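Residue-level structure breakdown
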Amino acid sequence: MGALSRWAVNRPWYAIGAWLVLSVVIGVLGTRFAGTLNDSFSLPDTESLQATQLLGQVKGAGDANSINARVVWSPQSGQVTDANVKSAVEPALKRISELGSVKCVTSPYGQPLGADCPTFAAPTFPAGTPEEVKTNVLAAIAATQKAYSPISSDGSVAYATVTFKGASPGDVPLADSKAILAEVKALNGQDGLQAGAGGQVLEFAGTEPPSSEGIGLLVALIILLVAFGSLVAAGLPLITAVLGLGLGLTLVNFVANFADVATFAPTLAAMIGLGVGIDYSLFVINRFRQAIMAGHDPKDAAHEAVRTSGRAVVFAASTVIIALLGLFVMRINFFNGLALAASGTVLMVMLAAVWLLPALLSLLGTKSLAIKMPWARKRGEFHPEGGRWAHYGRWLQKRRWITALAALLIVLTLAFPMLSLRLGFADASGQPVGTPSRIAYDLNAKGFGPGSNGPFFVVAQLPKLNDTEDLKTLITALENTEGVAKVLPNAEMIPAILGKDQQVVAVQVVPQSGPQDIATSELLNRLRTETIPPVRQATGVVALVGGEQAIIEDFSIVLGKALPLFLAIVMGLGFLALMVLFRSAVVSLTAVVTSLLSFSAAMGITVAIFQWGWLSGPLGITATGPIFPFLPVMVFAILFGLSMDYQVFLVSRMQEEWQRTGENDRAVRRGLAGSGRVVLIAGAIMASVFAAFIPATNSTIKLFGISLASAVIIDAFLVRLVLVPSVMNILGKANWWLPKWLDSRLPHFDVEGADEIADDPELEAELASIVDTDSDPVGSR
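Residues numbered from 1 in each chain as written. Predicted model: local features only at pLDDT ≥ 70, side-chain atom pairs only at ≥ 80, totals over all residues. Heavy atoms only, no water.

Once that is clear, we can look at the overall build of the protein. For the protein, the count of helices and strands is 27 helices and eight strands. Of all 781 residues assigned to the protein, the portion counted as buried reaches 56%. Taking contacts inside the protein between residues at least 6 apart in sequence as the whole, the part at least 24 apart equals 82%. Taken as a whole, the protein presents about 31,500 Å² of accessible surface, with 60% of it coming from carbon and sulfur. (Helix = DSSP H or I, 4+ residues; strand = E, 2+ residues; numbered from the N terminus. Buried < 20%, exposed > 50% of the residue type's maximum accessible area, 1.4 Å probe, protein only. Contact = heavy atoms within 4.5 Å. Areas by Shrake-Rupley, 256 points an atom, 1.4 Å probe, with all protein chains shown as cover.)

Written out as structure tokens, the structure reads:
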């Protein structure tokens, strides 16, 4: 990227024109050829996947894999069959059935609504059928209709199932989903009705547009104004980051054509891209500003910025992208989409920092630091290394053991709750009170039991056609399993559901507990290991447990198996990259180990808040539960890249001094004095951007906001600026150890332009002048 950055400085108008061309191309791809976001994912070689595939063979289960939503309602008093309730609900259901994407609406008030609804005729019996058989079949049909009734046993709750024509949630127009939610919201309050709606297809439509990006930008602007003392200098990182972010998010829409990109992926990509984009631009403009303050010509200052901090930005962004793309080793399409969305956004904000920003700096020159604030430093009052940070480095060196042990103790204490980490998908009980999905969840639990919000289904392949006895044995075993509330069909319904020449049957198992309760996970394990195996051994029935909750549990199992490989690849590549950069095995190992410590502490905080309920009220968390299975993997991938960013910017300055003087203590002080301030500012901006997403109503985004904000705060402020320099002070010259045979074989990569500095005696003298002075330069902060 060095040639691109130099060209941008030398030919700024051409560079800006090329950026505009790139913007137009990506804009066309992301708008004219935009894909559809969806939350579907498939798991390789799992029982739930096999059950889903086998379900396709079930007679009469044509809608089993269709896209559905459920509208639920309940009157404050009376029954759902009362005339006033029916008169309010029926017109709404009729309007929903008339939407273009709706195939059918099954109503508890009569015939299904919709032109494409299946028809159900009364059973016909061949001539000569014994009366006893007819009686049994009709009785089974009546029992089935009662068991599957959409009206609760006490008549207080009812639901209607909306079946869509598409094969995936992305096939349903957003306008239709919003129209359904509008009808449901309009029902609330009519004649004392309470109404809600649930279903994946409605989740995205019910999400409020996020305002978090604006909050993050405002906080970042304040921090940059305080740091730079110039409105233009503070605005440039924001402008370039936002422009790069816009292209990145547009690119996400295009990527959705080729990968399953989750509905929350753009928000997650915005969270990551905005934070790193501002940081990358900050690093470049900070170096430009230092050169200007040291008296360099503006164009020379721009060249210096891109050959030093620009290189570091490329290296840091590459580390983040590699960590994110490492998610591909999980072999789960859900992760692939998230990885592509986030890494594509990081790539675009990195290009903005090393392409668009250098061109703007070259054009504006000293005006890049215009509109100064009262606290701004004047030219000549600046020392490139920052006096107070040099004093802080000495303070750490005098107390190196105390600060190292104190920082380590704090991190380990914060990490302790991670030992209680439980993975799983949160259900709608975690949604804000009063939202349609939360109302639907609560009414379902009230009328049909908590397990109705997440039933399992067992797909059974019978040893022979119409094998009623073996099917009855399986159903009886399922009914007698601890934790099961209800099995549908039950033994009484078998004559109605087992059709002619049928060998595959689906059985619904409703747990006594809610979807995210640990008892539900235990029930799944009990069904698979204790209930079904004896039945198979006795009868030959092959039964597989599937359903949304089973898929979630299998997701966690697959994740656990793939996680060690993912960690080994990401950490291994990070270790090798840092060893090439710093020519030190110890520094590289320290960086990798401390990033694990930061990750563990962030996960501990997440568990304490989302599982244990600490500070849940002030943070707007309405229910505790398990942690999303993909959160630890995503947070580690993001944090590892970011922590390597801070390590590069901090230790590269230390490496410069070590190569020049061979004095470790001085090298550590130089790293803190030269880069400590910018790492602090970058960490504050990143944490502010992530924290701005905490007020989001989407529980997934809130979870990521808290986890990533705490991870950055711990890593940037405690680990990089306290623990790492303290440990490096303790280790001394051992920090820079590398076997000679390995040193001769590793390629050389100069990230901060140390060679150029060594060739510039004036600049080298400027950099060396401050570290060993006890005075605090005028204006240093």
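Turning next to the packing of aromatic side chains. What the rule picks out here adds up to twelve aromatic pairs. Ring centres 6.3 Å apart and planes at 15° place the aromatic pair Tyr392 and Trp395 in the stacked group. Of this pair, Tyr392 and Trp395 both sit in helix α14 (residues 387–398), separated by three residues, roughly a single helical turn. Residue classification places Tyr392 among the partly exposed positions, given a relative accessible area of 22%. (Phe/Tyr/Trp six-rings, centres within 6.5 Å; stacked < 30°, edge-to-face > 60°.)

Examined against the element boundaries, Ser452 turns out to sit in the loop between α16 (436–448) and β5 (456–461). Among the polar contacts listed, one links the side chain of Ser452 to the backbone oxygen of Asn444, at a separation of 3.4 Å. Discounting residues that sit within four places of it in the chain, Ser452 has contacts with Asn444, Ala445 and Val510. (Polar contact = N/O pair within 3.5 Å; in protein donor to acceptor, adjacent residues only side chain to side chain.)

As a further point, take the nonpolar core. Formed by 165 residues in total, the largest nonpolar core has its most connected members in Tyr280, Phe335, Phe630, Met634 and Phe704. Looking at this core element by element, the count peaks at 20 residues for helix α13 (residues 333–364). Each residue touching Phe704, except ones within four places of it in the same chain, is listed here: Phe264, Leu268, Met271, Phe630, Leu631, Met634, Val635 and Ala709. Counting residues in each nonpolar core, the second largest holds 30 residues, with Leu113, Ala158, Val172 and Ile180 among its members. (Core = buried A, V, L, I, M, F, W, Y, C linked by side-chain atoms within 4.5 Å.)

Turning our eyes to something else, we now look at the environment of Pro533. Relative to the assigned elements, Pro533 resides in helix α19 (residues 518–539). Taking relative accessible area as the criterion, Pro533 reaches 34% and is therefore assigned partly exposed. For the pair formed by Pro533 and Ala543, sequence separation is ten residues and the distance between their alpha carbons is 8.7 Å. Sequence-distant contacts of Pro533, defined by excluding residues within four places in its chain, comprise Leu527 and Arg528.

Packing of helix α17 (residues 468–479) against α19 leaves a shortest axis separation of 10 Å and a crossing angle of 155°. If you check the angle between α17 and α19, you find them roughly antiparallel. Handedness of the crossing formed by α17 with α19: right-handed. Counting all contacts with α17, which are made through Asp470, Thr473, Leu474, Ala477 and Leu478, the residues of α19 involved are Leu527, Thr531, Val535 and Thr539. Across the contact of α17 with α19, the residue classes tally to five nonpolar, three polar and one charged. (Axes fitted to C-alpha atoms, helices over the stretch in contact; angles between N-to-C directions. Parallel < 35°, antiparallel > 145°, perpendicular 65-115°, else oblique. Left-handed = near helix turned anticlockwise from the far one by under 90°. Nonpolar A, V, L, I, M, F, W, Y, C, P; charged D, E, K, R; others polar.)

A separate point is the pattern of salt bridges. Using the criterion set out here, one finds twelve salt bridges in the structure. Lys94 serves as the salt-bridge partner of Glu98, at 2.6 Å between the closest nitrogen and oxygen. Judged by relative accessible area, which is 41%, Lys94 ranks as partly exposed. Notably, a salt bridge pairs Arg287 with Glu304, separated by 3.9 Å at the nearest N-O pair. (Salt bridge = Lys/Arg side-chain N within 4 Å of Asp/Glu carboxyl O.)

Here the focus is the side chain of Asp176. Within the secondary structure, Asp176 sits in helix α6 (residues 174–187). Summary of buried charges: Asp176 has no salt-bridge partner, and the nearest side chain of opposite charge, Lys165, is 8.3 Å away. Setting aside its immediate chain neighbours within four residues, Asp176 contacts Leu99, Gly100 and Ser101. (Lys, Arg positive; Asp, Glu negative; His and termini not counted.)

Turning to the sheet that holds strand β2 (residues 102–106), a few remarks are in order. Spatially, β2-β3-β1-β4 is the arrangement adopted by the four strands of the open sheet, whose pairing is antiparallel. The strands lining the two open edges of the sheet, one partner per strand, are β2 and β4 (193–198). For this sheet, the mean angle separating the axes of adjacent strands, direction not counted, is 15°. In this sheet, β4 lies alongside strand β1 (residues 68–75) in antiparallel orientation, the contact comprising six bridges. Opposite Ser74, over in β4, you have Gln194 as the bridge partner. (Pairing = 2+ DSSP bridges.)

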